[in-house]
Amino acid sequence: MSTKLVDDTKLTAIGNAIRTKGGTQALLTLDEMPQAIDDLPSGGGGFDWSQLQGITIQQHDTSNPITALDLTGMDTSGFLTFYNMFGNLTHLASLDVSTVDLTSAKALNYMFYYCQALTSLDLRTFDTSNVTNMSNMFRNCSALESIYFPKFDSTHLTVSSSVTDMYKSDNALAALILATDKTTVQQIPNSFYSMGLPTSTIVYVPDALVSDYKAATNYSYIEDRIKGVSELPQKYKTLYGLS
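The residue numbers shown here count from 1 along each chain, following its written sequence. Side-chain atom pairs in this predicted model are given and counted only at pLDDT of 80 or more, local residue features only at pLDDT of at least 70, and totals for whole chains, interfaces and linings cover all residues. With hydrogens and water set aside, each side-chain value is computed from the structure's full complement of heavy atoms.

> What exactly am I supposed to notice about the overall build of the protein chain here?
A helix here means a DSSP run of H or I that spans at least four residues, while a strand means a run of E at least two residues long, and both kinds are numbered starting from the N terminus. For the protein chain, the count of helices and strands is 5 helices and 7 strands. N-terminal to C-terminal, the α/β element order of the protein chain is α-α-β-β-β-β-β-α-β-α-β-α. Burial here depends on accessible area, computed with a 1.4 Å probe over protein chains only, as a share of the maximum for the residue type. Under 20% is buried, over 50% is exposed, and the range in between is partly exposed. Looking at the protein chain as a whole, 40% of its 243 residues are labelled buried. Contacts between residues were defined by any pair of non-hydrogen atoms, one from each residue, lying within 4.5 Å. Restricting to contacts in the protein chain with at least 6 residues of sequence separation, those with at least 24 account for 76%. All accessibility values rest on the Shrake-Rupley procedure with a 1.4 Å probe; residue burial counts only the protein chains present in the view. Total accessible area on the protein chain is roughly 12800 Å²; 50% of this is exposed by carbon and sulfur atoms.

> Please explain the nonpolar core as it appears in this structure.
Note on soluble globular proteins: their nonpolar side chains tend to be buried together. To form a nonpolar core, buried Ala, Val, Leu, Ile, Met, Phe, Trp, Tyr and Cys residues must be joined to one another through side-chain atoms within 4.5 Å. In this structure, F86, F112, F138, F149 and Y167 are the most contacted members of the largest nonpolar core, which totals 55 residues. Where this core is concerned, the elements lending two or more residues are β4 (146–149), β5 (175–178), α3 (192–195), β6 (202–205) and α4 (210–215). Setting aside its immediate chain neighbours within four residues, Y167 contacts F138, I147, L173, L176, L178, F192, M195, G196, L197 and P198. With 8 residues, the next largest nonpolar core counts Y148, A175, I202 and Y236 among its residues.

> Could you clarify how one ought to interpret the sheet that holds strand β7 (residues 226–228) in this entry?
For sheets, the rule is that strands pair by backbone hydrogen bonds, running either parallel or antiparallel. Pairs of strands are assigned from DSSP output, requiring at least two bridges between the strands. The strand order across the open sheet formed by 5 strands is β3-β4-β5-β6-β7, and the pairing between neighbours is parallel. Lying at the two open borders of the sheet, with one neighbouring strand each, are β3 (120–122) and β7. Geometrically, the sheet is characterised by an average inter-axis angle of 20° between neighbouring strands, direction not taken into account. Where β5 lies against β6, 3 bridges are found, and the strand directions are parallel. Bridge pairing links I177 to Y204 in β6. In this description, a line fitted to the C-alpha atoms serves as the axis of each element, helices being fitted only across the stretch in contact, and the angle between N-to-C directions of two axes falls anywhere from 0 to 180 degrees.

> Got a minute to help me understand the state of the cysteines in this structure?
Working definition of a disulfide: a covalent bond connecting the sulfur atoms of two cysteines. Whenever a pair of cysteine sulfur atoms sits within 2.5 Å, that pair is classed as a disulfide. If you walk through the whole model with that rule in mind, you get 0 disulfides. Distance from the sulfur of C115, which forms no disulfide, to the nearest cysteine sulfur (C141) is 5.1 Å.

> Would you mind showing me how to read the side chain of T128 here?
Tracing the backbone shows T128 in the loop between β3 and β4. Owing to a relative accessible area of 0%, T128 belongs among the buried residues under this scheme. In the analysis that follows, any N or O atom pair within 3.5 Å is treated as a polar contact, provided that within protein one partner can donate a hydrogen and the other can accept it, and provided that, for residues neighboring in sequence, both atoms belong to side chains. Within the structure, T128 has its side chain in polar contact with the backbone nitrogen of D153 (distance 2.8 Å). Not counting residues up to four positions away in its chain, the partners in contact with T128 are L102, L108, M134, F149, K151, F152 and D153.

So this is what it looks like as structure tokens:
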């Protein structure tokens, strides 16, 4: 009596996956499959990102820590959550998120949690108009000196917990450049105290809205630290191409 070692359905699925990745319709025998797998092109070009709702990048080999990431080719337009996406990448010193698409995003909580080596974040492409949760988003980014967040949109940040501890323990944060592409005040559902904003951080907003921000609920707590973007120190203007 013979024993079936491989399920026919699973074998067919493997063959289909090899053909899809390899760009061929050729039929494969079981003996041909190992070589066909070896011959597959490297890279993620054939990966179907639409099957994912989110992703977390983790550091497993502490002897060879991640210091930079290339996100080119990653299609995040269908991601509903970016929860902890870069969390605990404590040696990540450089990060270009210009290709990160937040079209479907609802949650950004803990996204950069404990990214202790980052000194700046350029979020100019981050449209948060659909986001409902940013709690702990930058928490424990202890070396972070500046955040450029010109498209910050708080439309769906409606409960206080949605921004809790957003900037907690970011003790080096000197400049928060917020909603400078917006023409109206972006209301927030909690105070900057509850958001954990360091007492030394200056918040830069559109020049035309400085007075409105200073009078706005939950902004008035830090009114003496709200300034127009034209007052941004030159080093940050240069860093973000605003000079």
